[in-house]
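Single-letter residue listing:
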Amino acid sequence: MTGLTPDERRVLDAVDDDAIVSDLAALVGIPSVGGTPAEVAVQQWCAERLRVLGMQVDEWEIDLPSVLAEHDFPGMEVDRVSALGVVGVLGAPSADLTDTGGVPALAFCGHTDVVPPGEREAWPGGDPFVLRLEEGRAHGRGACDMKGGVAAMIGATDALHRSGVHLTRPLAIHCVSGEEDGGLGAFATLRRGHRASACVITEPTAELVVPANAGSLTFRIEVPGLATHGSLRWQGVSAVDKLDVVQGALRRLEAERNESPPAEFDHLDLPWPLSIGVLRAGDWASTVPDLVVAEGRYGIRPGESVAEAIAVFEAAVARASDGDPWLRDHPVRVSWPGGAFAPGVLPDGHPLLGEVSEAVTTVRGEVPGVRGAPYGSDLRLYAAAGVPTLQYGPGSIQHAHSVDEHVEVADLLACARVYALLALRACR
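What this report covers is the structure whose coordinates are included nearby. (Residues numbered from 1 in each chain as written. Predicted model: local features only at pLDDT ≥ 70, side-chain atom pairs only at ≥ 80, totals over all residues. Heavy atoms only, no water.)

**Topic: the side chain of R49**
Right, on to step 1. The topology assignment puts R49 in helix α3 (residues 37-52).
Right, on to step 2. Dropping the residues within four chain positions of it, R49 is found in contact with D23, I154 and D158. (Helix = DSSP H or I, 4+ residues; strand = E, 2+ residues; numbered from the N terminus. Contact = heavy atoms within 4.5 Å.)

**Notes on the packing of helix α10 (residues 351-364) against helix α12 (residues 409-427)**
Right, on to step 1. Across the interface, α10 lies against α12 with an axial gap of 9 Å and an inter-helix angle of 130°. Relative to α12, the element α10 is oriented oblique. Handedness of the crossing formed by α10 with α12: right-handed. Along the contact surface, α10 presents E355, V356, E358, A359, V360, T362, V363 and R364, while α12 presents D411, A414, C415, R417, V418, L421, L422 and R425.
Right, on to step 2. Here the contact of α10 with α12 is built from residues that sort into 9 nonpolar, 1 polar and 6 charged. (Axes fitted to C-alpha atoms, helices over the stretch in contact; angles between N-to-C directions. Parallel < 35°, antiparallel > 145°, perpendicular 65-115°, else oblique. Left-handed = near helix turned anticlockwise from the far one by under 90°. Nonpolar A, V, L, I, M, F, W, Y, C, P; charged D, E, K, R; others polar.)

**A short note on the packing of helix α2 (residues 17-28) against α3**
Right, on to step 1. It is the contact of α2 with α3, at a shortest axis distance of 10 Å, that shows an interaxial angle of 155°. Here α3 runs roughly antiparallel to α2, going by the angle between their axes. Side by side, α2 and α3 meet where D23, A26 and L27 of the first sit next to V42, W45, C46 and R49 of the second.

**Re the packing of aromatic side chains**
Right, on to step 1. For the coordinates displayed, the defined rule picks out 8 aromatic pairs.
Right, on to step 2. With 6.0 Å between their ring centres and 40° between their planes, Y298 and W336 make a pair best called tilted. In this pair, Y298 sits in strand β11 (residues 291-300) while W336 sits in the loop between β12 (333-335) and β13 (340-341), placing the two residues 38 residues apart along the sequence.
Right, on to step 3. Given a relative accessible area of 1%, Y298 falls into the buried group.
Right, on to step 4. By relative accessible area, which is 23% here, W336 ends up partly exposed.
Right, on to step 5. With centroids separated by 6.5 Å and ring planes inclined at 90°, the aromatic side chains of Y392 and Y419 adopt a geometry described as edge-to-face. Here Y419 lies in helix α12 and Y392 lies in the loop between β16 (389-391) and β17 (406-408), a separation of 27 residues in the sequence. For the pair Y392 and Y419, a shared accessibility class is recorded, and that class is buried. (Phe/Tyr/Trp six-rings, centres within 6.5 Å; stacked < 30°, edge-to-face > 60°. Buried < 20%, exposed > 50% of the residue type's maximum accessible area, 1.4 Å probe, protein only.)

**What to know about the side chain of D181**
Right, on to step 1. Structurally, D181 is set in the loop between β6 (171-176) and α6 (184-191).
Right, on to step 2. Accessibility expressed as a relative area gives 6% for D181, which makes it buried.
Right, on to step 3. Here the side chain of D181 touches V78 through a polar contact of 3.4 Å, landing on its backbone nitrogen.
Right, on to step 4. If sequence neighbours within four positions are ignored, D181 has contacts with G75, M76, E77, V78, R80, G339 and F341. (Polar contact = N/O pair within 3.5 Å; in protein donor to acceptor, adjacent residues only side chain to side chain.)

**Let's talk about the nonpolar core**
Right, on to step 1. In terms of nonpolar packing, the biggest core is built from 66 residues, with L106, F108, L171, V200, V356, Y392 and Y419 touching the most fellow members.
Right, on to step 2. For this core, the element with the most residues is α12, which contributes 13 residues.
Right, on to step 3. Contacts of Y419, omitting those with residues within four sequence positions, involve F108, G149, A152, M153, A156, V200, T202, Y392, G393 and P394.
Right, on to step 4. Membership of the second largest hydrophobic core comes to 24 residues, among which are W60, L64, F73 and C199. (Core = buried A, V, L, I, M, F, W, Y, C linked by side-chain atoms within 4.5 Å.)

Take it as geometry only, folks, not as evidence of what the structure does.
Put into structure tokens, the structure is as follows:
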């Protein structure tokens, strides 16, 4: 790396690779599946780790009934009895970390909750919650999505702290939970008053910079039929057959919505997919089923509100019902359980995109690509709160939620250096 100032070189030299991998091992070792006690335990670990780095830490019990009652709460798909918020600030001028007079110049945000690991026997290492290092990769549930990003942003802050370089403006670290099922932690953090002039979410981006996310909703479709004995099938109406009518309408809707995507999404075969992931039908093999319940994911386009996306979906289902003699008199029911991931985008022309790209180029030696992502994230919550935000982090989304999830160690360590350089330039 050339063209660095003495302070920049000092900070980058202070990045401790072994400590970052050790932190990742500790994070993966806490099985913080959404809704479990470990989801709180991993937040407690983060709070203590940030204190060790010399940060002022705001650690608070999230008032779940109050937060869930907010009109714009983004939804929650698992049961929780408790949740913990954690924000650390380096160079805070005030004991009140939500004091607007000391708004951090930059925040890094990462979620610490993970999805269930599935069948443990399918993991080559046997235990998905023990980090396994193999051929330059770190394997374990959450290693990619997104404890790798959390370890990297902690490692960058550690380097700043140990280098002794003075920060003129504060740097913030937001550790949040509940991202996987809606965004509880980020919503509660912003509701508490934590802000920054800009934010980088350390989600896996495969060496790309991501300034825009599509959104997504979880839908539930209930398709009615008419039960009868299987030997008299023609006298009943199979709800499974009627699901085919709805499925055809949804395929047409998906095709229409994916025509002519904006430039940052045209690298994707299907920027806003629509898919059914769960089906429930019937209770006896020789009975014609009188109900099918289908649940799935519905992509939302940037610039489209959640309400607009819902209206388009429900209109397509209604048209399909109107065109079928049975469904015309027995309409399909549509509901929207779970989290609501609105789209999110960095404002056009905001300098954060150039600043992140420049830091990446300095560390990696190549100008990063800029792409939109088809999945939802906490980006949209920060953007909605007026915090200019983008995503850049270690790993690739294709390895998230997968069996034997992993992150390349070299990518993890490079991202830590990008964060350290970016933070120094933003906060000095």
